[in-house]
Amino acid sequence: MDLIKKTMAAVVLDRPFSIEVRQVPVPEPGPEEALIQVHCIGVCGSDVHYYEHGRIGRYEVKQPLILGHELAGTVVKTGEKVTHVRVGDRVAVEPGVTCGKCSYCKSGRYNLCPDVVFMATPPVDGAWAEFVAVRSDFLFRLPDHMTFEEGALLEPLSVGVHAARRGRIRPEDRVLVLGLGPIGLLAMEAAKMFGVAQVYGSDVTAFRRNLALQMGAAGVIDPRDGDVGGQIQTLTNGEGVDLIIETSGSAEAIAESIGYVNRGGRIVWVGLPTRDAVPVNIGALVDAELDVYGVFRYANTYPAAIQMLQNGKHDIRRIITHKFPLHSIKDAVELARTQKDSSVKVMIYP
């Protein structure tokens, strides 16, 4: 592949609010890696957070960093040991490369691998760039009818699929998703993929509530109207909800979710609050015999998500509200940061 150029455009973050497109060397794939030409890549909330604050928890941007981890593209070069993908394959990229040897990897819960190398998590570079090298077993071929955009959205969709699995979702469940950002909307879509007919959503932003309804939500709630529990009962004709998936990261929503779900129900906490300690009513949790689950990324979701999208009934691309070329990354990130009332998923095209 001598036609591949030596340098490429990549977006580099130096410090909070300092981001620019630079020319950097094109990575050389190792023996088990493939070089991917990035077709499209999403702007994630974590990217915006690093842009704003330079850190998330213990992960701090201490040296120039390329962000971005929701991507799909085309294989343009492969290492000598790569066998299951070939040059020309259209692929989605799972951005967390794990060791494959520890007890977590061996048991199938590789998202908990202590040695995971996750794109755009300092000090690991991401893929807001023209090319990226990835270990080939974390590449998934896209069916001919599946778009690159759908391939890029498999990453946030995977969070929803994993949350649904963690919550032991059943088709007969009534499900409430708190927070209707990209993860929340795709968690709703994941619930429908598992056969759930009654999926409800809650968000303070009218634009996102309306989008949820357009995507097939059975009903939506504005928590600012007060008495969320009463609104749930009204929407469900007094039946309540069996499973709550909390994606907003609101400390109040996390704490109060215990009072929103039916006795014997299940709660999945996905969103991270701005503070680590959130007081919850343990007495109410125990009395109602609730099951509460945490979610950390996902595992074993890409093949399932690709299969779930095969029937064409789920158009996850509807969450894409804005599209930008790579050189307009500053505008793209600022829009995602400041215009949550009119944007959901911003997609970049290197």
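As recorded in an unreviewed UniProt entry, the chain goes by L-iditol 2-dehydrogenase and comes from Fontibacillus solani. Under the UniProt heading Cofactor (unreviewed entry), the entry covering the chain gives this text: "Zn(2+)". Entered under Sequence similarities (unreviewed entry) in the UniProt record, the comment concerning the chain runs "Belongs to the zinc-containing alcohol dehydrogenase family."

A.B. asks: So what's going on with helix α3 (residues 148–166)? Which residues, and what values?
C.D. replies: If you check α3, its first and last C-alpha atoms are 28 Å apart, about what 19 residues at 1.5 Å a residue would give, namely 27 Å. Along α3, the helix axis deviates most sharply at Glu155, where the bend reaches about 45°; the proline Pro156 sits within four residues downstream. Most of α3 sits out of view: 17 of its 19 residues are buried. After α3 finishes, the residue Arg168 shows a positive phi value of roughly 50°.

A.B. asks: Help me get a handle on the pattern of salt bridges, residues and values and all.
C.D. replies: The tally for this structure, following the rule as stated, stands at 20 salt bridges. Here Glu239 ties to Arg174 by a salt bridge, and the two come within 3.8 Å at their closest N and O atoms. One end of the pair, Glu239, is in the loop between α6 (228–235) and β16 (241–246); the other, Arg174, is in strand β13 (residues 174–178), with 65 residues separating them in the sequence. Judged by its relative accessible area of 46%, Glu239 falls in the partly exposed class. What you see here is one network of salt bridges that share partners, running through Arg170, Glu172, Asp173 and Arg266.

Calculation rules
Residues numbered from 1 in each chain as written. Predicted model: local features only at pLDDT ≥ 70, side-chain atom pairs only at ≥ 80, totals over all residues. Heavy atoms only, no water. UniProt positions renumbered as here; feature names shortened; annotations may be inferred. Helix = DSSP H or I, 4+ residues; strand = E, 2+ residues; numbered from the N terminus. Expected span 1.5 Å × (residues − 1). Bend = angle between axes of the 7 residues up to and from the residue. Buried < 20%, exposed > 50% of the residue type's maximum accessible area, 1.4 Å probe, protein only. Salt bridge = Lys/Arg side-chain N within 4 Å of Asp/Glu carboxyl O.

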